[in-house]
Amino acid sequence: MSQSSFRILVLPGDGVGPEVMEQAVRILKHVEAQSDTHFDLEYALAGGCAIDAHGTPLLDETMERARASHAVLFGSVGGPKWEGLGFNLRPEIAILRLRKELNLFANLRPATLFTPLIDASTLKPEVIGGLDLMIVRECAGGLYFGEPRGIETLRNGDKRGFNTETYSTQEIERVGRVAFQLASDRRNQVCSVEKANVTESGLVWREVMSALHAREFPDVTLRHMYADNCAMQLVRAPRQFDVIVTGNMFGDILSDLASMLTGSLGMLPSATIGATKAELFNPAIYEPIHGSAPDIAGKGIANPMAQILSVAMMLRLSLGMPKQAAQVEQACIDALAAGARTPDLGGDFCTEQVGNAILAQLERLT
Ligand code: ATP
Ligand code: MG
């Protein structure tokens, strides 16, 4: 029997990044030991620590290693130490460059309510219980990158700032395919969100999504919704959604909104991908939504769940190991139910103790 092998580039980064990454790697090594798979883990510096060591947030050599990997497991970058060093010495450039040069265009942010955390939500249990939705945000185009853009000074001295939202058929189709494929492994529903009643880019978005649906994914249910209504519906009745797909700006806002329905920032993973299932092995980036949390860095109390759940997303989406992904997720739920909580969840566990608790649950499940 041949053993499959995956190259994974691990970039722990700054602040709490290395602390939560250490626990995520323990989980990954357990999965490796329990399966017929080898994980070839390579470590490199990215962000502030790379500025300190190499004078740049991301070495070209690290970029090359990312390209040659099956997946990148990213921690978090930045912190007060590196503020004000200049535009090209921002730690965040590390992640922006990785996304751009790996041609990643879809940011996936699940919002899942873990039953043991039902009291941590801002919504009532009867509204939020069982929530499991996935937001797919287009992250390479739209208002954030559209041309023309700029600031001009008018004759009377007033200023005028302007941006352009553009979306082409090809840009919409590629992110739409990701959404439909994700839905077909979930509850088979896609909600496509734009403002087709106000913008031309929204009109094209709606048209292209409808055509893609009819042509390639007729078995998935497609709904269209205006972004303002979607924001309202996410708070009113979030369980009506399975997969939401939307452009860069609306995705930014709606995914932050959705993520806070589920409790702590320390719980939320993300994936940034640039390929559909047909091209499974293109490198993608898996990282927690939270930042480097300088206020608690070095104290050993950061919640490692978001980083560990990012490992689960990587197993499912990039490595073709859905069973192991589900086991890691279940182990997190079971550890929470058994009381393993860091201070952000009102508990007194340290980072390593939560890692221990998840490993213990994983051992029971595998
Ligand atoms: P960024 O700009 O990098 O996204 P941010 O300004 O959004 O960073 P974070 O670093 O995410 O800030 O921290 C926001 C708050 O959440 C801080 O109080 C931090 O301590 C807390 N926090 C973030 N991550 C975790 C975690 N893994 N465990 C516990 N608390 C966390
Ligand atoms: Mg933030």
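Residues numbered from 1 in each chain as written. Chains lettered and ligands numbered in written order. Predicted model: local features only at pLDDT ≥ 70, side-chain atom pairs only at ≥ 80, totals over all residues.

In the nomenclature of an unreviewed UniProt entry, the protein is known as 3-isopropylmalate dehydrogenase of Edaphobacter modestus. The record in UniProt for the protein states the following under Sequence similarities (unreviewed entry): "Belongs to the isocitrate and isopropylmalate dehydrogenases family. LeuB type 1 subfamily." The UniProt entry for the protein carries this comment under Catalytic activity (unreviewed entry): "(2R,3S)-3-isopropylmalate + NAD(+) = 4-methyl-2-oxopentanoate + CO2 + NADH". (UniProt positions renumbered as here; feature names shortened; annotations may be inferred.)

The next subject is the overall build of the protein. Across its full length, the protein holds twelve helices and twelve strands. Once the C-alpha set of the protein is aligned to its principal axes, its extents read approximately 60 × 50 × 45 Å. Counting across all 366 residues of the protein, residues that qualify as buried make up 48%. For the protein, long-range pairs separated by at least 24 residues make up 75% of all intrachain contacts whose partners lie at least 6 apart in sequence. (Helix = DSSP H or I, 4+ residues; strand = E, 2+ residues; numbered from the N terminus. Buried ≥ 20, exposed ≤ 12 C-beta atoms within 10 Å, placed from the backbone. Contact = placed C-beta atoms within 7 Å.)

On to the nonpolar core. Formed by 110 residues in total, the largest nonpolar core has its most connected members in Leu 73, Val 136, Ala 179, Ile 244, Tyr 286, Val 311 and Val 328. Sort the elements by how many residues they give to this core and helix H10 (residues 305-317) lands first, with ten residues. Setting aside chain neighbours within four positions, we find Tyr 286 in contact with Ala 71, Leu 73, Phe 74, Pro 269, Ala 271, Ser 310, Val 311, Met 313 and Met 314. (Core = buried A, V, L, I, M, F, W, Y, C linked by C-beta atoms within 7 Å.)

Taken N-terminus to C-terminus, the directions of helix H1 (residues 17-34) and H10 make an angle of 40°; their axes are 8 Å apart at the nearest point. As summarised for this structure, H1 and H10 are arranged oblique, according to the angle between their axes. Viewed along their axes, H1 and H10 form a crossing whose handedness is right-handed. Across from Val 20, Met 21, Gln 23, Ala 24, Ile 27, Leu 28 and Val 31 in H1, the residues of H10 making contact are Gln 307, Ile 308, Val 311 and Leu 315. Its residues placed into classes, the contact of H1 with H10 shows nine nonpolar, two polar and no charged. (Axes fitted to C-alpha atoms, helices over the stretch in contact; angles between N-to-C directions. Parallel < 35°, antiparallel > 145°, perpendicular 65-115°, else oblique. Left-handed = near helix turned anticlockwise from the far one by under 90°. Nonpolar A, V, L, I, M, F, W, Y, C, P; charged D, E, K, R; others polar.)

This part is about the site of ligand 1. As a matter of local geometry, ligand 1 sits amid 17 residues, with Gly 266, His 290, Gly 291, Ala 293 and Asn 303 nearest to it. Of the residues belonging to the shell around ligand 1, the class tally is seven nonpolar, eight polar and two charged. (Near = placed C-beta within 6 Å.)

The ten strands lie next to each other as S2-S1-S3-S12-S11-S4-S5-S10-S8-S9, forming an open sheet whose pairing is mixed. This sheet does not close on itself; its edge strands, each paired only once, are strand S2 (37-43) and strand S9 (221-226). Strand-to-strand twist of the sheet, defined as the mean angle between neighbouring strand axes without regard to direction, takes the value 25°. Pairing geometry for strand S5 (residues 132-138) and strand S10 (residues 243-246), over four bridges, is parallel. By the bridge assignment, Val 136 is partnered in S10 with Val 245. Running at roughly 160° to strand S8 (residues 189-194), helix H7 (residues 200-216) makes contact with S8 and S9 of the sheet. Sitting on the sheet, helix H9 (residues 248-259) is in contact with strand S4 (106-112), S5, S8 and S10, with an inclination near 155° to S5. (Pairing = 2+ DSSP bridges.)

Attention now moves to the pairing of strand S1 (residues 4-13). Taken residue by residue, a regular strand's side chains alternate between the two faces of the sheet. The buried count for S1 comes to seven of ten residues, which makes it a mostly enclosed element. With seven bridges connecting them, S1 and S2 associate as parallel partners. Each bridged residue has a counterpart across the sheet, and for Phe 6 the counterpart in S2 is Phe 39. This β-α-β element, S1 to H1 to S2, shows right-handed connectivity. Across five bridges, the pairing between S1 and strand S3 (residues 71-76) is parallel. Opposite Gly 13, over in S3, you have Ser 76 as the bridge partner. (Right-handed = clockwise from strand over helix to strand, strands pointing away.)

This paragraph deals with helix H6 (residues 169-184). It helps to recall that an α-helix has 3.6 residues per turn; residues three or four apart then point in one direction. If you check H6, its first and last C-alpha atoms are 22 Å apart, about what 16 residues at 1.5 Å a residue would give, namely 22 Å. Along H6, the positions that sit buried rather than exposed are Glu 171, Ile 172, Val 175, Gly 176, Val 178, Ala 179, Phe 180, Leu 182 and Ala 183. (Expected span 1.5 Å × (residues − 1).)

Let us look at the pairing of S3. The buried count for S3 comes to six of six residues, which makes it a mostly enclosed element. Here S3 pairs with strand S12 (residues 284-288) via three bridges, running parallel. Within S12, the position partnered with Ala 71 by the bridge is Ala 284.

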